[in-house]
Amino acid sequence: MPAASLLPLFGSAAGPGTLGGPAGSGAGGGGRKAAGPGAFRLTEKFVLLLVFSAFITLCFGAIFFLPDSSKLLSGVFFHSAAAGGPGSLERIRADHERALREAKETLQKLPEEIRRDIRQDKEKLLQDARGRKEAGAPGLPQRLFRQPVGAVGQEPADPDVRQRREKIKEMMKHAWDNYKRYAWGLNELKPISKQGHSSNLFGNIQGATIVDALDTLYIMEMKEEFKEAKEWVEKNLDFNVNAEISVFEVNIRFVGGLLSAYYLSGEEVFRKKAVELGEKLLPAFNTPTGIPWALLNIKSGIGRNWPWASGGSSILAEFGTLHLEFVHLSHLSGNPVFAEKVMNIRKVLNRLDKPEGLYPNYLNPSSGQWGQHHVSIGGLGDSFYEYLLKAWLMSDKTDEDGKKMYYDAVQAIETHLIRKSSGGLTYIAEWKGGLLEHKMGHLTCFAGGMFALGADGAPSDKTGHHIELGAEIARTCHESYDRTRMKLGPEAFRFDGGVEAIATRQNEKYYILRPEVIETYMYMWRLTHDPKYREWGWEAVEALEKHCRVDGGYSGLRDVYNNHESHDDVQQSFFLSETLKYLYLLFSEDDLLPFEHWVFNTEAHPLPVLHKDDGNKEENQK
């Protein structure tokens, strides 16, 4: 009952009809005996009982509902056994007496005083909440943001280069504006149909293009577009969905995109969302070996693998492409569990024998044994090798385990997979149980940039060789573009049956706005400054504008060997995240996202190198 209605029971002046009234009050009923000396009449006993019951009720109510009640409960009712002994009863008695005093003091206040106290308590709670928000997301440590070196760069000095870079920025605006007009808040755009496109990779999580494009918008200095994207993330990005998602795709696009947006802008909402999503991905690691499932229902925490993947195996490129993001999640959250999960993957892999030093694409998460002995540096394997190298670079070259795993793997790849065609083109074949399939995927073309990026850490007598290897892969992939009618590369191309760098199967002739060839051009330009890489990149820009640009955005192509375009009607989110970003960087100065301070995840989201002295600097500035 409300406190105000109880106050009359404890008033200092007794009114008529109360126990403190005249002796004859209440005695008018017939048949009642007069009270003898020292005794109460029946009515008086009843009223006294009611008052006593009310008082006891108030005392216990005070314990449960008044401020500091949790302390009273823990002190009075749930005192630990370790606190037993002669002093325990005294402490209990003291706590109990204090509770009674607080209850009595509260009940002696006027109703408006009680309401004022309640308002003050509420205001204090709100102030505390605001303080936590300013310090960071709930549960996150306070962090002094310092923008890493190279988040913004200088204008290109060459006017022709500057003009080309402006053209690429205009392409980004065309892609973004049409996504905003026809598919805002959905995952991707259908630029021909001018409507949203959904993929089951993200379950019911929406906004893939927005999150994927955040860092591209930032480095291109598209400030209004970045602001509206940030506002959408703040108000609408929701991970509380009952849906099955791809752990790999959600990690590289959503977690990676949010991490990059935070490191570039310092906006706390991106850190909070990244860690929130990372926590929802952790149940994927609940397997006997700790090798994560490919698919996860982020509400129930139930995981499974793709049914086609070699007897329920996890895929090398998927579980091997979590390391960069999860190390940064630990760095930003203060929670080591993220880094521990991905370091355990390393331990499992290091315990296994590798056929010919190679890593098969399939690993069973229950038995911890390899599945089919199929090895690829393209689909199913690619980014695992990329993340070994970049984990070492991102650690400020302290991750010696990652370094050794990478260079050992490159040695095995050179020995068993890299071949040269009769026409002099270097390519990376696929290995199936000891037999080579002389096919190279568009996805494999990233390796040219990877080999060149890793040249600096190779043994001194191999540095030049790794740069040369990267250049040869870049040339082969350029040929795969140049030998099509549309000057854009197929999904896969072959080196057998009398053909070189050409797709021979209809289901390999499509182009879905992929970035890997342009990615390698960008790395080769940065590391050699050979002008041919910018020229090759500009050829790709002209082909994209001629064949993929439509009124509603950019579309992939069904057959790059056809005389006429047949569009697939999908503007992939990675076109904004990767393809256009790598083109923009190709025509930028080296001071924009310099390699000594940044690494790119496999979705082209830049993550800062964790320099050895970063932790000390942060502590000193708190």
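Our structure is the block above this text.
Not measured: the values here are computed from a predicted model.

### Thoughts on the overall build of the chain
Turning to step 1, where the next piece is worked out: A tally of helices and strands in the chain yields 21 helices and 18 strands.
Turning to step 2, where the next piece is worked out: In the chain, which comprises 622 residues, the proportion classed as buried is 52%.
Turning to step 3, where the next piece is worked out: Sequence-distant contacts in the chain: of pairs separated by 6 or more residues, those separated by 24 or more amount to 68%.
Turning to step 4, where the next piece is worked out: Put simply, the chain shows about 28400 Å² of open surface, and 53% of that area lies on carbon and sulfur atoms.

### So, empty space enclosed by the protein
Turning to step 1, where the next piece is worked out: For the structure shown, the criterion picks out five cavities of 30 Å³ or more.
Turning to step 2, where the next piece is worked out: Empty space within the largest cavity amounts to approximately 100 Å³.
Turning to step 3, where the next piece is worked out: Around the largest cavity, the lining residues are Phe 319, Gly 320, His 323, Val 342, Ile 345, Arg 346, Leu 349, Phe 384, Tyr 387, Leu 388, Ala 391 and Met 405.
Turning to step 4, where the next piece is worked out: Each residue belonging to the lining of the largest cavity can be placed in one class, and the counts come to nine nonpolar, two polar and one charged.
Turning to step 5, where the next piece is worked out: A volume near 60 Å³ is recorded for the second largest cavity.
Turning to step 6, where the next piece is worked out: Along its surface, the second largest cavity is lined by Val 247, Phe 248, Pro 292, Trp 293, Ala 294, Ser 314, Ile 315, Glu 318, Phe 319 and Leu 322.
Turning to step 7, where the next piece is worked out: Those elements that provide at least two residues to the lining of the second largest cavity are α9 (247-265), β6 (314-315) and α11 (316-319).
Turning to step 8, where the next piece is worked out: Residue composition of the lining of the second largest cavity, grouped by class: eight nonpolar, one polar and one charged.

### A word on the packing of helix α8 (residues 223-236) against helix α10 (residues 268-281)
Turning to step 1, where the next piece is worked out: Where α8 meets α10, the axes come as close as 10 Å, and the angle between the chain directions of the two elements is 45°. In terms of axis orientation, α8 runs oblique to α10. Regarding α8 and α10, the two cross each other, and that crossing is left-handed. Where α8 approaches α10, its residues Phe 226, Lys 230, Val 233 and Glu 234 are matched on the opposing element by Val 269, Phe 270 and Lys 273.
Turning to step 2, where the next piece is worked out: Partitioned by chemical class, the residues of the contact of α8 with α10 number four nonpolar, no polar and three charged.

### Digging into the side chain of Gln 572
Turning to step 1, where the next piece is worked out: Structurally, the position occupied by Gln 572 is in the loop between β16 (553-554) and α20 (573-586).
Turning to step 2, where the next piece is worked out: The class for Gln 572 is buried, based on a relative accessible area of 14%.
Turning to step 3, where the next piece is worked out: Those residues in contact with Gln 572 that lie beyond four places of it in its chain are Glu 188, Ile 512 and Leu 513.

### A closer look at the sheet that holds strand β3 (residues 244-246)
Strand pairing in a sheet takes place through backbone hydrogen bonds and is either antiparallel or parallel in direction.
Turning to step 1, where the next piece is worked out: The sheet built from three strands is open, its strands ordered β3-β4-β5 with antiparallel pairing. One side of each edge strand has no neighbouring strand; the edge strands of this open sheet are β3 and β5 (303-304).
Turning to step 2, where the next piece is worked out: Along the sheet, α9 makes contact with β3 and β4 (295-297), crossing β3 at roughly 65°.

### Comments concerning the nonpolar core
Turning to step 1, where the next piece is worked out: Counting 158 residues, the largest nonpolar core has Val 233, Tyr 385 and Phe 451 as the members making the most contacts within it.
Turning to step 2, where the next piece is worked out: Element by element, the count of residues in this core is highest for α9, at 12 residues.
Turning to step 3, where the next piece is worked out: With residues near it in sequence (within four places) discarded, Val 233 still touches Ile 210, Val 211, Leu 214, Leu 258, Val 269, Phe 270 and Lys 273.
Turning to step 4, where the next piece is worked out: Ranked by size, the runner-up nonpolar core spans six residues in total, among them Ala 294, Trp 306, Ala 309 and Ile 315.

### Quick notes on the environment of Ser 588
Turning to step 1, where the next piece is worked out: For Ser 588, the location among the structural elements is in the loop between α20 and β17 (598-600).
Turning to step 2, where the next piece is worked out: Given a relative accessible area of 1%, Ser 588 falls into the buried group.
Turning to step 3, where the next piece is worked out: Sequence separation between Ser 588 and Ala 157 is 431 residues; the distance between their C-alpha atoms is 9.3 Å.
Turning to step 4, where the next piece is worked out: Leave out the neighbours within four places in its chain, and Ser 588 touches Pro 156, Arg 165, Trp 525 and Arg 534.
Turning to step 5, where the next piece is worked out: A polar contact is formed between the side chain of Ser 588 and the side chain of Arg 165, at a distance of 2.9 Å.

### Quick look at the pattern of salt bridges
Turning to step 1, where the next piece is worked out: Evaluated as defined, the whole model comprises 33 salt bridges.
Turning to step 2, where the next piece is worked out: With a closest N to O distance of 4.0 Å, Lys 190 and Asp 569 form a salt bridge. Of this pair, Lys 190 sits in strand β1 (residues 188-190) while Asp 569 is found in the loop between β16 and α20, placing the two residues 379 residues apart along the sequence. The residues Lys 190 and Asp 569 share a single accessibility class, namely buried.

Reading guide: rules and limits
- In this numbering scheme, every chain counts its residues from 1 along its sequence in written order.
- Given that the model is predicted, a residue must reach a pLDDT of at least 70 before its local features are reported, and side-chain atom pairs must reach 80 or more before they are shown or counted; all residues, however, enter totals for whole chains, interfaces and linings.
- With hydrogens and water set aside, each side-chain value is computed from the structure's full complement of heavy atoms.
- Numbering of helices and strands runs from the N terminus; a helix is a DSSP stretch of H or I covering at least four residues, while a strand is a stretch of E covering at least two.
- Under the scheme applied here, a residue whose accessible area is under 20% of the maximum for its type counts as buried, over 50% as exposed, and between as partly exposed, the area being computed with a 1.4 Å probe on protein chains only.
- Working rule for contacts: check all heavy atoms of both residues, and any pair within 4.5 Å makes them a contact.
- For the accessible areas, the method is Shrake-Rupley and the probe is 1.4 Å, while residue cover comes only from the protein chains on display.
- Here a cavity denotes grid points, spaced 1 Å and computed from the protein atoms alone, that fit a 1.4 Å probe unable to get out, and a pocket denotes an open set having protein on both sides within 12 Å along at least 5 of 7 lines; residues with an atom within 4 Å of a point are the lining.
- Grid points are joined across faces, edges and corners, and a volume is the space filled by probe spheres set on the points.
- Only Asp, Glu, Lys and Arg are considered charged in this grouping, and only Ala, Val, Leu, Ile, Met, Phe, Trp, Tyr, Cys and Pro are considered nonpolar; every other residue, Gly among them, is considered polar.
- To obtain each axis, a line is fitted to C-alpha atoms, and for helices this fit is confined to the stretch in contact; angles are then taken between N-to-C directions over 0 to 180 degrees.
- Roughly parallel means an angle under 35 degrees; roughly antiparallel means over 145; roughly perpendicular covers 65 to 115; every other angle is labelled oblique.
- Each helix crossing is assigned a hand: it is left-handed if the near helix lies turned anticlockwise from the far helix by less than a right angle, otherwise right-handed if that turn is clockwise.
- In short, DSSP must find at least two bridges between two strands for them to pair.
- What we call a nonpolar core is a set of buried Ala, Val, Leu, Ile, Met, Phe, Trp, Tyr and Cys residues that are connected through their side-chain atoms within 4.5 Å.
- Within 3.5 Å is the distance limit for a polar contact, defined as a pair of N or O atoms, with the added protein rule that one can donate a hydrogen and the other accept it, and that residues adjacent in sequence qualify only through two side-chain atoms.
- For salt bridges, the criterion is a side-chain nitrogen of Lys or Arg within 4 Å of an Asp or Glu carboxyl oxygen.

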